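Each chain, letter by letter, is given below.
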Amino acid sequence: MTIDQYRLEEEPTYHPSGDEVVFYESAYAARLPVMLKGPTGCGKTRFVEHMAWRLGKPLITVSCHEDMTASDLVGRFLLGPEGTHWQDGPLTMAVRHGAICYLDEVVEARQDTTVVIHSLTDDRRILPLEKKGELVHAHPDFQLVISYNPGYQSVLKDLKESTKQRFSAVDFTYPMASVEASIVASEADIAADIADKLVKIAEKSRHLRGQGLEEGASTRMLIHAGRLIKTGMTLTDACKHAIIVPITDDPDMRGALDAVVDACA
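Quick notes on the rules
Here, residues in each chain are numbered from 1, in the same order as that chain's written sequence. Local features in a predicted model are, by the rule used here, given only for residues with pLDDT of at least 70; side-chain atom pairs are given and counted only at 80 or more, and totals for whole chains, interfaces and linings are based on all residues. Neither water nor hydrogens contribute to the side-chain values; these are computed over all heavy atoms in the structure. To qualify as a helix, a DSSP run of H or I must reach at least 4 residues; to qualify as a strand, a run of E must reach at least 2; elements of each kind are numbered from the N terminus. For every residue, the accessible area (1.4 Å probe, protein chains only) is compared with the maximum for its type, and the residue is labelled buried under 20%, exposed over 50%, or partly exposed between those bounds. Any two residues having at least one pair of non-hydrogen atoms within 4.5 Å are treated as being in contact. Per-residue accessibility takes into account occlusion by the displayed protein chains alone, with areas from the Shrake-Rupley method and a 1.4 Å probe. The convention is simple: Lys and Arg are positive, Asp and Glu are negative, and His and the chain ends are not counted. Charged side chains are reduced to one point each, which is NZ for Lys, CZ for Arg, CG for Asp and CD for Glu. Here is the rule: rings of Phe, Tyr and Trp (six-membered ring for Trp) pair when centre to centre is within 6.5 Å. Planes less than 30 degrees apart are stacked, more than 60 are edge-to-face, and the remainder are tilted. Here, a strand pair is defined by DSSP locating no fewer than two bridges between the strands. Where helices are involved, their axes are fitted lines through C-alpha atoms of the stretch in contact, as for all axes, and angles between N-to-C directions lie from 0 to 180°. We place a 1 Å grid over just the protein atoms. Points where a 1.4 Å probe fits but has no way out form a cavity, open points with protein on both sides within 12 Å along at least 5 of 7 lines form a pocket, and any residue with an atom within 4 Å of a point lines it. Grid points are joined across faces, edges and corners, and a volume is the space filled by probe spheres set on the points. Polarity classes work like this: nonpolar for Ala, Val, Leu, Ile, Met, Phe, Trp, Tyr, Cys and Pro, charged for Asp, Glu, Lys and Arg, and polar for all others, with Gly in that last group. When describing relative orientation, an angle under 35 degrees is termed roughly parallel and one over 145 degrees roughly antiparallel, while 65 to 115 degrees is termed roughly perpendicular and anything else oblique. Left-handed describes a crossing whose near helix is turned anticlockwise from the far helix through less than a right angle; right-handed describes the clockwise counterpart.

A.B. asks: Sorry if this is basic, but what is going on with the overall build of the protein here?
C.D. replies: Of regular secondary structure, the protein possesses 11 helices and 9 strands. Counting the 265 residues in the protein, one finds 47% classified as buried. Partitioning the intrachain contacts of the protein with sequence separation of at least 6 by distance along the chain shows that 71% fall at a separation of at least 24. Put simply, the protein shows about 13,400 Å² of open surface, and 50% of that area lies on carbon and sulfur atoms. For the protein, the distance from the average position of its 28 positive side-chain charges to the average position of its 39 negative side-chain charges is 2 Å.

Rendered as structure tokens:
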């Protein structure tokens, strides 16, 4: 597998809602590691994809999870027909070849796993491969990007201060209503008035955060609902299956969200 396989051939559509594009271009020019903070489904991953395409750099994305080990990131020895050989992990591949490495929802990984990024996020820009006895110096084009949802912070799932302070950061939130409606209409290929209704439903659901909902409806959920509507499903049924059922099991909360949909439909 070559690094060129990680290059994006088509531009991922992204609608800026602030100065995030200018910030990222400056951070990349200085080769600063970047942290994206914001709720689920608000466009963090799409933003990284857009910036990688915009900068013409390969993008290697890692979806972090609690069973991920340091070896999953940096690589391991494997046994093949010709004997034992080393295989780089996604982080090492990005470091060697000058890709952007994106660790999505990094707090899901164990802290003893993510500590391997520390030497890459300061002036050393090195990655020690202890099992191989190799010290990999980062390619000049390498950059590390991480993301997480601050709404899910806890004592057990949060970044260490020693990790946070190594990154420059930008806050993400859901776009303003007119921009979000434009995104939903474009991504789901639905009429603007339908997209407007979906955004109104989402805004009302977000007001219920902390009152029975951990999160309101994300932009991603609205796009899913829009795509169901595009197939011929009613707005009410689309919202039920793409928004209400996924985000809550509580009968009272489902009833409240049903009322929200009925009021906006």
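A.B. asks: I keep staring at the packing of aromatic side chains and nothing clicks. Help me out?
C.D. replies: According to the stated counting rule, one finds 4 aromatic pairs in the structure shown. Taking the centre distance of 5.7 Å and the plane angle of 85 degrees together, the rings of Tyr24 and Phe47 count as edge-to-face. In this pair, Tyr24 sits in helix H1 (residues 20-29) while Phe47 sits in helix H2 (residues 44-55), placing the two residues 23 residues apart along the sequence. Of the two residues, Tyr24 and Phe47, both sit in the buried class. Cluster of aromatic residues (ring-pair linked, three or more members): Tyr14, Tyr24, Phe47 and Phe172.

A.B. asks: I tried to follow the sheet that holds strand S5 (residues 100-104) on my own but got confused; where do I start?
C.D. replies: Pairing between the strands of a sheet comes from backbone hydrogen bonds, and it takes one of two forms, parallel or antiparallel. Sheet architecture is open: 5 strands sit in the order S2-S5-S8-S1-S9, paired in parallel fashion. The open sheet has two edge strands with one neighbour each: strand S2 (59-63) and strand S9 (168-171). Going across the sheet, the axis of each strand differs from the next one's by a mean of 20 degrees, ignoring polarity. Bridging between strand S1 (residues 34-37) and S9 involves 4 bridges; their strand directions are parallel.

A.B. asks: What exactly am I supposed to notice about the layout of surface pockets here?
C.D. replies: Unfilled space is identified by rolling a water-sized probe across the atoms. Empty space within the largest pocket amounts to approximately 530 Å³. If you tally residues by element for the lining of the largest pocket, the top one is helix H9 (residues 219-230), at 5 residues. In terms of residue class, the lining of the largest pocket is made up of 8 nonpolar, 10 polar and 8 charged. Estimates place the volume of the second largest pocket at around 230 Å³. For the lining of the second largest pocket, the secondary-structure elements that each account for two or more residues are helix H3 (70-74) and strand S6 (126-129). When grouped by side-chain class, the residues that make up the lining of the second largest pocket number 8 nonpolar, 3 polar and 2 charged.

A.B. asks: Would you take a moment to explain the packing of H1 against H2 for this structure?
C.D. replies: The relative placement of two packed helices comes down to the angle between their axes together with the axis-to-axis distance. At their nearest, the axes of H1 and H2 sit 11 Å apart, and the two run at 55 degrees to each other. Put simply, H1 runs oblique to H2. Here H1 and H2 pass one another in a crossing that is right-handed. Contact residues: H1 offers Glu20, Val21, Tyr24, Glu25 and Tyr28, while H2 offers Phe47, Met51, Arg54 and Leu55.

A.B. asks: Mind showing me how you'd approach unusual backbone geometry here?
C.D. replies: Peptide bonds are mostly trans, and most non-glycine residues show a negative phi. If you check the backbone angles, Arg31 has positive phi at about 55 degrees while not being a glycine. Looking at the element boundaries, Arg31 is found in the loop between H1 and S1. Owing to a relative accessible area of 23%, Arg31 belongs among the partly exposed residues under this scheme.

A.B. asks: I would appreciate a short explanation of the pairing of S1 in the present structure.
C.D. replies: A regular strand carries its side chains on alternate faces of the sheet. In terms of strand pairing, S1 meets strand S8 (residues 143-148) through 4 bridges, oriented parallel. Bridging across to S8, Met35 finds its partner in Ile146.

A.B. asks: Before we go on, may I ask you to explain the packing of helix H8 (residues 192-206) against H9 in this structure?
C.D. replies: Interaxial distance between H8 and H9 falls to 10 Å at its minimum, and their mutual angle equals 140 degrees. In terms of orientation, H8 and H9 fall into the oblique class. Where H8 crosses over H9, the two elements pack in a sense that is right-handed. Across from Ile194, Leu198, Val199, Ala202 and Arg206 in H8, the residues of H9 making contact are Thr219, Leu222, Ala225, Gly226 and Ile229. In the contact of H8 with H9, the residues fall into 7 nonpolar, 2 polar and 1 charged.

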